[in-house]
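Descriptive analysis of the structure
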Amino acid sequence: MTEPIRLSKRMSELGLCSRREADEWIERGWVRVDGKIVSVLGSKILPHQKVTVERQASAEQSKRVTILINKPMGYVSGQAEDGYTPAIALVNAETRWSEDTAAERFHPTQLRSLVAAGRLDIDSVGLLVLTQDGRVAKRLIGQDTEIEKEYLVRVQYTKPGRLPDEQMKRLNHGLSLDGKALLPAKVQWQNDDQLSFVLREGKKRQIRRMCEAVGLRVLGLKRVRIGRIALGDLPTGQWRYLSPNEQF
């Protein structure tokens with residue numbers, strides 16, 4: 001017999017919203033199970049039961065924005081820490097990219113519940129996603145995500161000569177971090193001192209630690225793509241909206 005599951009977790013599994021959004025909608029009476037409204041937090045259902053949401057929930061979700069920012073060095077991707085400024089502080093009407101074609105108009109209320117969907121270290125630059133939409137966050141940082149992230153990494157080999165081929169092979173597949181084998185990556189030279197990394201996971205300071213393991217020192221790191229969304233010509237410190245016809 002199938003075990004009951006929390007309604008909020010089931011809604012997240014179905015891709016309807018994040019768990020936090022689910023709890024909010026349940027409290028507001030916007031969720032139905034087999035046609036009946038369920039408004040008690042912590043309610044459990046069976047996996048075969050049909051879950052639907054009221055139009056108010058869908059309408060509210062459609063207003064939620066996703067912002068792409070070209071993060072400069074010196075900003076943290078998430079909450080403010082150790083006196084460092086979070087990247088969200090860069091989001092205002094003046095810093096919106098002049099070439100953004102989205103019809104959306106900026107309003108300070110869009111900063112509420114705007115969270116980073118993935119990390120980008122304080123000493124790394126490039127594409128960072130900030131979103132109010134739990135579906136986007138789940139797609140990018142959910143437990144089973146396989147969204148590719150591409151980085152350009154300037155490196156220096158700390159030993160005489162060039163990086164041996166066998167060490168390059170280890171970068172592509174064969175390294176472990178924190179006692180766990182890394183997923184296969186795509187790593188190749190772009191020029192004499194720059195590598196391209198394409199990863200499907202995002203452990204803390206992963207690229208820097210991978211490079212260190214094979215004798216490379218990272219001099220600069222820039223994220224240029226997440227899934228199908230490229231950084232493109234977005235200037236450093238500026239942002240644009242993810243348009244309705246774009247998907248990761």
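Source: prediction; values computed, not measured.

Reading guide: rules and limits
- Residues numbered from 1 in each chain as written.
- Predicted model: local features only at pLDDT ≥ 70, side-chain atom pairs only at ≥ 80, totals over all residues.
- Heavy atoms only, no water.
- Helix = DSSP H or I, 4+ residues; strand = E, 2+ residues; numbered from the N terminus.
- Buried < 20%, exposed > 50% of the residue type's maximum accessible area, 1.4 Å probe, protein only.
- Contact = heavy atoms within 4.5 Å.
- Core = buried A, V, L, I, M, F, W, Y, C linked by side-chain atoms within 4.5 Å.
- Arc of directions from axis to C-beta.
- Salt bridge = Lys/Arg side-chain N within 4 Å of Asp/Glu carboxyl O.
- Phe/Tyr/Trp six-rings, centres within 6.5 Å; stacked < 30°, edge-to-face > 60°.
- Lys NZ or Arg CZ within 6 Å of the ring centre and 35° of its normal.
- Pairing = 2+ DSSP bridges.

So, the overall build of the protein chain
The helix and strand inventory of the protein chain stands at six helices and 18 strands. Each principal axis of the C-alpha distribution contributes one length, and for the protein chain these read about 70 × 50 × 35 Å. Looking at the protein chain residue by residue over its 248 residues, the buried ones come to 46%.

Looking at the side chain of Arg208
Within the element layout of this structure, Arg208 appears in helix 6 (residues 206-213). Arg208 gets classed as buried once you look at its relative accessible area, which sits at 14%. The residues touching Arg208, leaving out its near neighbours within four places in the chain, are Asp121, Asp123, Ser124, Val218 and Leu221.

Quick notes on the nonpolar core
With 35 residues, the main nonpolar core has Leu171, Phe197 and Leu216 as its most contacted residues. For this core, the secondary structure elements donating two or more residues are strand 6 (66-71), strand 10 (125-131), strand 11 (149-157), helix 5 (165-172), strand 15 (194-199), helix 6, strand 16 (216-226) and strand 18 (239-241). For this core, the element with the most residues is strand 11, which contributes four residues. Setting aside its immediate chain neighbours within four residues, Leu171 contacts Leu163, Ala185, Val187, Leu195, Phe197, Met210, Cys211, Val214 and Leu216.

So, helix 4 (residues 134-141)
All buried positions along helix 4 are accounted for by Gly134, Val136, Ala137 and Leu140. Viewed end-on, helix 4 has its buried residues packed into an arc of 160°, placing them on one side of the element. Buried residues along helix 4 sit against helix 2 (19-28), strand 6, strand 10, strand 11 and strand 16.

Some remarks on the side chain of Ser8
Within the secondary structure, Ser8 sits in helix 1 (residues 7-13). With residues up to four places along the chain from it excluded, the contact list for Ser8 reads Arg19, Ala22, Asp23 and Ile26.

Concerning the pattern of salt bridges
Applying the stated criterion across every chain, the model contains 16 salt bridges. With a shortest N-O distance of 2.8 Å, Arg135 and Asp133 are connected by a salt bridge. Salt bridges linked by common partners bring Glu21, Glu24, Arg28 and Arg64 together as one network.

Topic: the packing of aromatic side chains
For the structure on display, the rule yields two aromatic pairs. Centre to centre, the rings of Trp239 and Tyr241 are 4.9 Å apart; their planes meet at 90°, and the pair counts as edge-to-face. For Trp239, a relative accessible area of 0% gives the class buried. Tyr241 gets classed as buried once you look at its relative accessible area, which sits at 2%. Taken together, Phe106, Trp239 and Tyr241 form an aromatic cluster joined through their ring pairs. The ring of Trp189 is capped by Arg162, whose NZ or CZ atom sits 5.0 Å from the centre of that ring.

Details of the sheet that holds strand 3 (residues 36-37)
Within the open sheet, the three strands sit side by side as 3-2-5. Their pairing is antiparallel. Only two strands of the sheet have a single partner each, and these edge strands are strand 3 and strand 5 (51-53). Of the pairings in the sheet, the one linking strand 2 (residues 31-33) to strand 5 comprises three bridges and is antiparallel in character. Directly across from Val31, in strand 5, lies its bridge partner Val53.

Observations concerning the environment of Thr145
In this fold, Thr145 is placed in the loop between helix 4 and strand 11. A C-alpha to C-alpha distance of 24 Å links Thr145 and Trp239, two positions 94 residues apart in sequence. Those residues in contact with Thr145, other than ones at most four positions away along the chain, are Arg139, Leu140 and Arg200.

Let's talk about the environment of Glu166
Counting through the fold element by element, Glu166 comes out in helix 5. Between the C-alpha atom of Glu166 and that of Thr85, which follows or precedes it by 81 residues, the distance is 40 Å.

A closer look at unusual backbone geometry
The backbone phi angle of Ser113 is positive, close to 60°, even though this residue is not glycine. Mapped onto the elements, Ser113 comes out in the loop between strand 8 (85-86) and strand 9 (115-116). Look at Asp178: it is not a glycine, yet its phi comes out positive at around 55°. Tracing the chain through its elements places Asp178 in the loop between strand 12 (176-177) and strand 13 (180-181).

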